Amino acid sequence: QRALDRRLTDELIRFKTAIATLSKELNEVREHDQEVTQQALEAQKDLASALSESEKNANLVAEYHSLYEIQRSRLEFQITTLNKERDLWSRAVYDLAVKVGFSLV
């Protein structure tokens, strides 16, 4: 009976040790899972922030492009107007020179 009790006690001790080891490993896995989950959440927040910033930058670029196009069309209109004025003055000077030239002859 004592031998049986001793064997049962040894088995219970091994079982208890195995349970303690498994419990420790389970806690380590849980801790690691919590760390990985926290890192994933932080990465998700960082990604969302980067996406938001990217959208803001894209909108800003679109606004700058729109302003650029408006300014470009204004400048093109000014150049066209200046060219017309230059041609008008050139023609007026030519006409005046022709009249002055004919009156001298």
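What you are looking at is a predicted structure, and each value in this text was computed from that prediction instead of being measured. (Residues numbered from 1 in each chain as written. Predicted model: local features only at pLDDT ≥ 70, side-chain atom pairs only at ≥ 80, totals over all residues. Heavy atoms only, no water.)

Engineer: Give me the lowdown on the overall build of the chain, citing residues and values where you can.
Structural biologist: Tallying secondary structure elements over the chain gives one helix and zero strands in all. The C-alpha radius of gyration computed for the chain amounts to 44 Å, which surpasses the reference 13 Å derived for 105 residues by more than 25%, pointing to a less compact arrangement than a globule. If you line up the chain on its principal axes, its C-alpha atoms span 150 × 15 × 10 Å. Counting only carbon and sulfur atoms, one obtains 60% of the accessible surface of the chain, whose full area is about 10200 Å². Side-chain charges in the chain split into 15 positive and 18 negative, and the spacing between the mean points of these groups amounts to 1 Å. (Helix = DSSP H or I, 4+ residues; strand = E, 2+ residues; numbered from the N terminus. Rg over C-alpha atoms; globule rule 2.2 N^0.38 Å. Areas by Shrake-Rupley, 256 points an atom, 1.4 Å probe, with all protein chains shown as cover. Lys, Arg positive; Asp, Glu negative; His and termini not counted. Charge placed at Lys NZ, Arg CZ, Asp CG, Glu CD.)

Engineer: Before we move on, can you summarise a negative patch on the surface with the specific residues and values?
Structural biologist: Side chains of Glu25, Glu28, Glu31 and Glu35 sit close together on the surface and give a patch of like negative charge. Relative to the elements of secondary structure, Glu35 occurs in helix α1 (residues 2-104). (Patch = residues over 30% accessible without salt bridge, like charges linked within 9 Å, V, L, I, M, F, W, Y side chains within 5 Å. Salt bridge = Lys/Arg side-chain N within 4 Å of Asp/Glu carboxyl O.)

Engineer: I'd like to hear about the pattern of salt bridges, residue by residue, with values.
Structural biologist: Counted by the stated rule, this structure contains four salt bridges. A salt bridge links Glu76 to Arg72; its shortest N-O distance comes to 3.1 Å. In this pair, Glu76 and Arg72 both sit in helix α1, four residues apart, roughly one turn of the helix. Across the pair Arg86 and Asp87 runs a salt bridge, and its minimum N-O distance is 3.1 Å.

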